[in-house]
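# Structural characterization, general
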Amino acid sequence: MNSSRSVVLGIGGLLGHDANAALLIDGRLIASSQEERHTRRKHDGAFPRHAIAEALAMGGIAPRDVTDVVFAEKPLQTHLFNLSSRPSNAFTRALGRLLPERAAGHYTQPARTLLPQAKFHYAWHHLTHVAGGFHTSPFERAAFLCIDGKGEDYSASMGIIDGSRLDLLAEQTYENGLGMFYTLVTMFLGFHSFGSEYKVMGLAPYGTPRYVNKLARLFTTDERGGFRLKGPVRFQWDSLLAALPRIAEATGLPVRDKKDPLNGDYIDVASSLQQIFEDEVFKMARYIRAETGEENLVFCGGCAQNCVTAGKLRAAKIFRGVFNSPVGGDMGSGLGAALLLERERRGEQFKIEHNGFYLGDEPGLIPAEATPWRIDVKGDFDDFVASQLAQGKIVAWVRGRMELGARALGARSILADARRPGMQSRLNLAVKFRESFRPFAPLVLAEDCAHWFDTGEPSDFMQYTASLLPARRAPQPEEFASLRERLDFPRSEIASVVHVDYSARIQTIRRENHPDMHRLLTAFKRHTGVPILINTSFNVSGQPIVRSAAEAWECFLNTDIDLLVLNDQLFRNPFQKTREEKLTWLNQFAELA
Amino acid sequence: MAQSIRRIGLKVLVALLRFFTPPAPAGWRRSTRPTHLRGS
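Predicted model only: the values in this text are computed from it and were never measured. (Residues numbered from 1 in each chain as written. Chains lettered and ligands numbered in written order. Predicted model: local features only at pLDDT ≥ 70, side-chain atom pairs only at ≥ 80, totals over all residues.)

### Description of the interface of chain A and chain B
Accessible area lost upon the coming together of the parts serves often as the stated size of an interface. Every contact between the two is made by 34 residues of chain A and, on the other side, 19 residues of chain B. A total of 7 residues in the side of chain A that touches chain B trace back to one element, the largest contributor, which is strand E8 (residues 166-173) of chain A. The residue inventory of the side of chain A that touches chain B, partitioned by class, reads 16 nonpolar, 10 polar and 8 charged. Pairing between E8 of chain A and strand E1 (residues 29-30) of chain B: 2 bridges, direction antiparallel. Each residue of the ladder has a partner; that of Ala-170 of chain A, found in E1 of chain B, is Arg-30 of chain B. (Contact = placed C-beta atoms within 7 Å. Helix = DSSP H or I, 4+ residues; strand = E, 2+ residues; numbered from the N terminus. Nonpolar A, V, L, I, M, F, W, Y, C, P; charged D, E, K, R; others polar. Pairing = 2+ DSSP bridges.)

### Points about the domain arrangement of chain A
All names here are of chain A. In terms of domain boundaries, chain A breaks down into domain 1 (7-132 + 330-353), domain 2 (178-324) and domain 3 (368-592). Residue assignment for the side of domain 2 that touches domain 3 shows that the elements contributing at least two residues are helix H8 (197-203) and helix H12 (307-316). For the side of domain 2 that touches domain 3, the element with the most residues is H12, which contributes 5 residues. Here the side of domain 2 that touches domain 3 is composed, by residue class, of 6 nonpolar, 4 polar and 2 charged. (Domains from an automatic or database assignment.)

### Structural notes on the packing of helix H3 (residues 75-84) of chain A against helix H4 (residues 90-98) of chain A
All names here are of chain A. For the pair H3 and H4, interaxial distance at closest approach is 10 Å and the crossing angle is 135 degrees. For the element pair H3 / H4, the angle class is oblique. Pair H3 / H4 crosses with right-handed handedness. Residue-level contacts link Leu-76, Gln-77 and Leu-80 of H3 to Thr-92, Leu-95 and Gly-96 of H4. Considered class by class, the residues forming the contact of H3 with H4 number 3 nonpolar, 3 polar and no charged. (Axes fitted to C-alpha atoms, helices over the stretch in contact; angles between N-to-C directions. Parallel < 35°, antiparallel > 145°, perpendicular 65-115°, else oblique. Left-handed = near helix turned anticlockwise from the far one by under 90°.)

### Section: the nonpolar core
Residue and element names in this part refer to chain A. Of all hydrophobic cores here, the largest spans 176 residues; its most connected members are Phe-144, Leu-297, Ala-396 and Ala-552. In terms of residues, this core owes the most to one element, helix H11 (residues 264-292), which gives 11 residues. For Phe-144, the residues in contact, after removing those within four places along its chain, are Val-130, Gly-133, Phe-134, Met-158, Gly-159, Ile-161, Leu-297, Val-298 and Cys-300. (Core = buried A, V, L, I, M, F, W, Y, C linked by C-beta atoms within 7 Å. Buried ≥ 20, exposed ≤ 12 C-beta atoms within 10 Å, placed from the backbone.)

### With respect to the sheet that holds strand E2 (residues 20-25) of chain A
Residues and elements named next belong to chain A. Reading across from one edge, E3-E2-E1-E4-E5 is the order of the 5 strands in this open sheet, with mixed pairing throughout. Only two strands of the sheet have a single neighbouring strand rather than two, namely strand E3 (28-34) and strand E5 (119-122). On average, each strand axis in the sheet is inclined to that of its neighbour by 15 degrees, with strand direction left out of account. Where strand E4 (residues 68-71) and E5 come together, 4 bridges link them in parallel fashion. Along E5, the bridge assignment pairs Phe-71 with Tyr-122. On the sheet, helix H13 (residues 333-346) packs against strand E1 (7-12), E2, E3, E4 and E5 and is oriented at approximately 140 degrees with respect to E1.

### A word on the pairing of strand E12 (residues 321-324) of chain A
Looking along a regular strand, one sees the side chains alternate between the two faces of the sheet. Residues and elements named next belong to chain A. Pairing of strand E11 (residues 296-300) with E12, which is carried by 4 bridges, proceeds in the parallel orientation. By the bridge assignment, Leu-297 is partnered in E12 with Val-322. Considered for its hand, the β-α-β crossover made up of E11, H12 and E12 is right-handed. (Right-handed = clockwise from strand over helix to strand, strands pointing away.)

What follows is the structure, encoded as structure tokens:
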């Protein structure tokens, strides 16, 4: 291989979860994936050797060809903060120059063994989110707001970025910030598995925010969103658990066990938490707008995955444009780290060609055991699948390269007709095996989006929520007897994808971004008059999204999905597994979750 | 022996860090982090 080439490998996950890797060759994005998709352990934080191997294979290069490795964290700074409870400063950074960062990194030894020729770099964690967000955004320059649970020693940062300039203007130090608060209350509500915050976001619209004042006893804040929890809490399991009684005391409710019924009080706590979160983010956004004078905002970090807040922030027009990157969180931190080095190498404006974030591998060989169940489709393939969907069939859709990020963007998805009464419950209980209150997201033809929702702006990667147009809403009663009754109420023609507050987490499908899905949706519209389908990730509760054709087939056999599209072939479900066999298969993921 | 010295050195380092660095107040504060990757 030509030795003058730049081969940059970004590695994320040193903070212990969502390990991932991304490969750039001469500034071209070749591949990126998360380790969990390979090891089948959700949020896997182990050294991402499988994700690295896949990226190198897709780039057609050997480990010795990698010229630079960029880690998405500074482990020595994290270590010093954890030991001293003092944020990074000139002294710790001087130590960072004297001591090698690798002294504190459990990832670095396997990386050095695997990639002996490479030069190693360590990036501030938040800056990897900023770079990942900015270089995939449509902006030439922008302010940024990064909020997450914990970078090395800080939880929020803001500044300005353009092609050659990256100014980190201000930060909120310590980990007990807004992100940790969301995690703590999520745990208080009985959702203990890592990354469950989105469940609380989904629960919030069912309640009223009557616990805001009580929860406010737990933190201090100011008019700029300078947020901090009262009392020290660390991002460690025992420290988080020890803090839960404080929430119980503030709310007057016991800490909920996940087996306890989710009654109205807890739902109102979820609603209050989301309200506080939105208020704080809006305060931060107004402060940043005034401080920087910038017209556009890149909203990034793990907390930016709260698409309800992102959608409201975009609609509020505090900034002319808001971009919430699908890789602005930890799953894209390796890509962000690689982009940081690339921007320094180029020193000028550039945008990365991200291929719609379909950056993983193809599904590979179809298992031989699937052959007897193949359906011989006569005529137009997409039209046939669309007709099956219109008849109420649930279809798993596995085509092309796998998505990067937490959401299925139509390459490893389960699709269904959003008009079918009871489809949300059917999918939740018989296919996904998960809590029934969580809404599904709609795929919608971009050109028809404004006829259904109150936005004409794109949401190509499911980053934003929008509201169903009033003319398409069915009025709801003031009171419901139960959560189930409220969930099942037909509040619109497409009730399965519209939340109780008429919001929907939309993914707009454009022909140029996703021609396959555009053809399918167009055919579905021809059959039904509705340019919308349910899209949910192809997995079951506790399981990472399927990656390969073999995993897709196995998941298909163990769920009540009717049809499976594997690249250009269609299969029907043999429905041979007993309920007990399915539950046994399912439980392995529950144990890993 | 080398490990003990390293452990004691780390404790001294942390004590110095705590002594010379006051806890940071809540709210936004000006960032002094260098943003360039090289030299990290």
